[in-house]
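# Working through the structure, step by step
Okay, here's what each chain looks like letter by letter:
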Amino acid sequence: MSIRPIRVLLAPSGFKESLGVSEVIEAMAGGVASAAPSARILRAPMVDGGEGFTKTLVALTRGTMEPVVVTGPVGRPVDAFVGFMGGAGKRVAVIEIAAAAGLRLVPRDMRDPTATTSYGVGELIRAALDRGANKILIGCGDSGVNDAGAGMAQALGVRLLDADGREIGRGGGALGALARVDLSGRDPRLAGVDIDVAVNWHNVLLGDRGVARVFGPQKGATPTQAEALSSGLETFAAVVRRDVGVEFDGMAGSGASGGLGAGLHALIGATLHPRWDVVMRYIDLDRNLAKADLVITAEGSLDGQTPYGKAPAEIARRAKSWKLPVIALAGTVGQGAASTLSVGVDAYFSILTRPCSLDEAVADARRLVRDATEQAVRLFALGRGLDARGRIAA
């Protein structure tokens, strides 16, 4: 019987407002090395369309990043970026809406999705067009807005008018005043560009599971505001149905990023795609799964929403086709986390080892991730009979 190093596939998402996906992977790798010094570490950064989407895809294709200053979600200028993929062929720009409208850009005392705007996302798209993009790939995730992409569309020349013919204001709270959509002034360059958007396919715009009711509170909305936002989205949908001819009822992905999925599709002609279908074009996950003995995934929060398009669930489902054990780590283990066991996660753990504040956890996140990963590998070793170097009988 031969002995070989254990092969551990690290496939985390980023920890929102804390660690980017590359930082999470490096912290996890340190934990694996501590527990199993001989282990072979495989890496699959699971960028879900949120923070890290642009940098990861640009790095994987050896492309370039270009800095841009845009309007942030609370109306202040923010430093953002547009990526361009490497390789021959079309000039493909990569944008993540989190760079212009992310929740991390909204100070905690200003988290009010009735007021925050996606205007800067439109400025990012315009910057990509200015730089010669003839295809744009947009990642939807980690947003701090709930305006159905209204601000984004306004930045690109779409007029959103009230009953008196005046432009409505910015923010999700202004959607209730929408009476007419005028596309005549839309940036004409959009007609010649393919725009693909990576979205959470489970997020819808309207109804009891609509984006305002499900995610509005996470962005600072009170229950009353969440209902007002939902009503505004109903108005938006009705006006768009009449003036543009797009129907949102039940449309998969339309609720992505506070309804940006809906606005991108209806107002600038983008095509929505399940985010993992997009990501897997660039990350050969099956090749890594075929080599692995253990899969460890991670995300900032593990809860009842995780099975609905989040990274740990997607990784677990795919890993199970290879009959691989899957361990999930999370900063927060919330209500409904046990539902992840039904989609292929075998065990899950919080990285926290004692009560602490959010600020303390964020400041110490690298160590916490590293230590939790080390303990996960040591636990796995108990059942598989690894030696002290992390080698397995083959």
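Described below are features of the structure shown in this document. Please read these numbers as outputs of a predicted model, since none were measured by experiment.

About the criteria used
Residues numbered from 1 in each chain as written. Predicted model: local features only at pLDDT ≥ 70, side-chain atom pairs only at ≥ 80, totals over all residues. Heavy atoms only, no water. Helix = DSSP H or I, 4+ residues; strand = E, 2+ residues; numbered from the N terminus. Rg over C-alpha atoms; globule rule 2.2 N^0.38 Å. Buried < 20%, exposed > 50% of the residue type's maximum accessible area, 1.4 Å probe, protein only. Contact = heavy atoms within 4.5 Å. Areas by Shrake-Rupley, 256 points an atom, 1.4 Å probe, with all protein chains shown as cover. Expected span 1.5 Å × (residues − 1). 1 Å grid on protein atoms, 1.4 Å probe; cavity = no way out; pocket = protein on both sides within 12 Å on 5 of 7 lines; lining within 4 Å. Points joined across faces, edges and corners; volume = space filled by probe spheres on them. Nonpolar A, V, L, I, M, F, W, Y, C, P; charged D, E, K, R; others polar. Phe/Tyr/Trp six-rings, centres within 6.5 Å; stacked < 30°, edge-to-face > 60°. Lys NZ or Arg CZ within 6 Å of the ring centre and 35° of its normal. Pairing = 2+ DSSP bridges. Axes fitted to C-alpha atoms, helices over the stretch in contact; angles between N-to-C directions. Core = buried A, V, L, I, M, F, W, Y, C linked by side-chain atoms within 4.5 Å. Polar contact = N/O pair within 3.5 Å; in protein donor to acceptor, adjacent residues only side chain to side chain. Salt bridge = Lys/Arg side-chain N within 4 Å of Asp/Glu carboxyl O. Right-handed = clockwise from strand over helix to strand, strands pointing away.

### Some words on the overall build of the chain
Across its full length, the chain holds 13 helices and 15 strands. Its C-alpha atoms give the chain a radius of gyration of 22 Å, within 12% of the compact-globule value 21 Å for 394 residues. With respect to the three principal axes, the spread of C-alpha positions in the chain is 80 × 50 × 35 Å. In the chain, which comprises 394 residues, the share counted as buried stands at 55%. Partitioning the intrachain contacts of the chain with sequence separation of at least 6 by distance along the chain shows that 74% fall at a separation of at least 24. On the chain, roughly 15700 Å² of surface is accessible, and the fraction owed to carbon and sulfur atoms is 50%.

### Regarding helix α1 (residues 21–35)
Taking 1.5 Å per residue as the helical rise, α1 with its 15 residues ought to reach 21 Å, and the 21 Å between its terminal C-alpha atoms agrees with that figure. The inward-facing, buried residues of α1 contact β2 (7–10), β3 (40–43), α2 (53–61), β12 (294–302) and α13 (365–384).

### Describing empty space enclosed by the protein
Take a probe with the size of a water molecule and roll it over the atoms, and the empty space left behind shows itself. Following the criterion strictly, the structure yields one cavity of 30 Å³ or more and no others. In this structure, the largest cavity spans a volume of roughly 90 Å³. Lining the largest cavity are 13 residues, with S13, G14, F15, E51 and D142 sitting closest to its centre. Of the residues in the lining of the largest cavity, the class split is five nonpolar, four polar and four charged.

### Thoughts on the packing of aromatic side chains
The full count for this structure, using the stated rule, is one aromatic pair. Over the ring of F84 we find R91, and its NZ or CZ is 3.7 Å from the ring centre.

### Considerations on the environment of G192
Within the secondary structure, G192 sits in the loop between β9 (180–182) and β10 (194–199). Distance from G192 to K135, taken between C-alpha atoms, is 8.8 Å for residues 57 residues apart in sequence.

### Section: helix α8 (residues 256–268)
Spanning 13 residues, α8 covers only 16 Å between terminal C-alpha atoms, well under the ideal 18 Å at 1.5 Å per step. Most of α8 sits inside the fold, with 12 of its 13 residues counted as buried. Taken together, the buried positions of α8 are occupied by A256, S257, G258, G259, L260, G261, A262, G263, L264, A266, L267 and I268. At the exit of α8 stands G269, carrying a positive phi of roughly 80°.

### A short note on the sheet that holds β12
Read across the open sheet, the five strands follow the order β3-β2-β12-β13-β14; overall the sheet is parallel. What marks the edges here is a single partner per strand, and that holds for β3 and β14 (347–350). Neighbouring strand axes in the sheet, compared pairwise and without regard to direction, differ in orientation by 25° on average. Here three bridges tie β2 to β12, and the two strands are oriented parallel to one another. Residue L10 lies in a different strand from β12, and its bridge partner there is I296. The sheet contacts of helix α11 (residues 311–320) involve β12 and β13 (326–333), and relative to β12 the element is tilted by about 160°.

### A look at the sheet that holds β10
Consider a sheet: its strands pair through backbone hydrogen bonds, and that pairing is either parallel or antiparallel. Strand order in this open sheet of six strands is β4-β5-β6-β7-β10-β11, and the pairing throughout is mixed. Looking at strand neighbours, the two that pair on one side only are β4 (64–71) and β11 (271–274), the edges of this open sheet. Looking at each pair of strands side by side, their axes are set apart by 30° on average, direction ignored. When β4 meets strand β5 (residues 77–84), the two strands line up antiparallel, connected through eight bridges. From the neighbouring strand, E66 faces β5, where its bridge partner is V82. Along the sheet, α2 contacts β4, β5, β6 (92–96), β7 (135–139) and β10; its crossing angle with β6, the most-contacted strand, is approximately 150°.

### Describing the nonpolar core
If you look at the biggest cluster of nonpolar residues, it comprises 68 residues, and the most contacted ones within it are I125, I136, F236, F248 and L264. Not counting chain neighbours up to four residues away, the residues in contact with F236 comprise A148, L175, L178, L205, F248, A262, G263 and L267. By size, the runner-up hydrophobic cluster in this structure holds 33 residues, among which are L9, M46, L285 and L289.

### Brief notes about the side chain of T297
If you trace the backbone, T297 turns up in strand β12. Judged by its relative accessible area of 0%, T297 falls in the buried class. A polar side-chain atom of T297 sits 2.8 Å from the main-chain carbonyl oxygen of A11. Apart from residues lying up to four places away in sequence, T297 is in contact with A11, P12, M28, A311, P312, I315, V326, I327, A328 and L329.

### So, the pattern of salt bridges
Tallied over the full model, the rule gives 26 salt bridges. Put simply, D293 and R7 hold a salt bridge, and the shortest N to O gap is 3.8 Å. In this pair, D293 is assigned in the loop between α10 (285–289) and β12 and R7 in strand β2, connecting sequence segments 286 residues apart. Taken together, the shared-partner salt bridges in this structure form one network comprising D364, R367, R370 and D371.

### What about the environment of R281?
The residue R281 is located in the loop between α9 (275–279) and α10 in this model. A sequence separation of 224 residues divides R281 from L57, and the C-alpha atoms of the two residues are 10.0 Å apart. When neighbours within four sequence positions are excluded, R281 is seen to be in contact with D196 and H273.

### A short note on the pairing of β3
Both β2 and β3 contribute to a ladder of four bridges, which runs parallel. Residue pairing in the sheet places R7 in a bridge with R40 of β3. A crossover connection joins β2 to the parallel β3 through α1; in handedness this β-α-β unit is right-handed.

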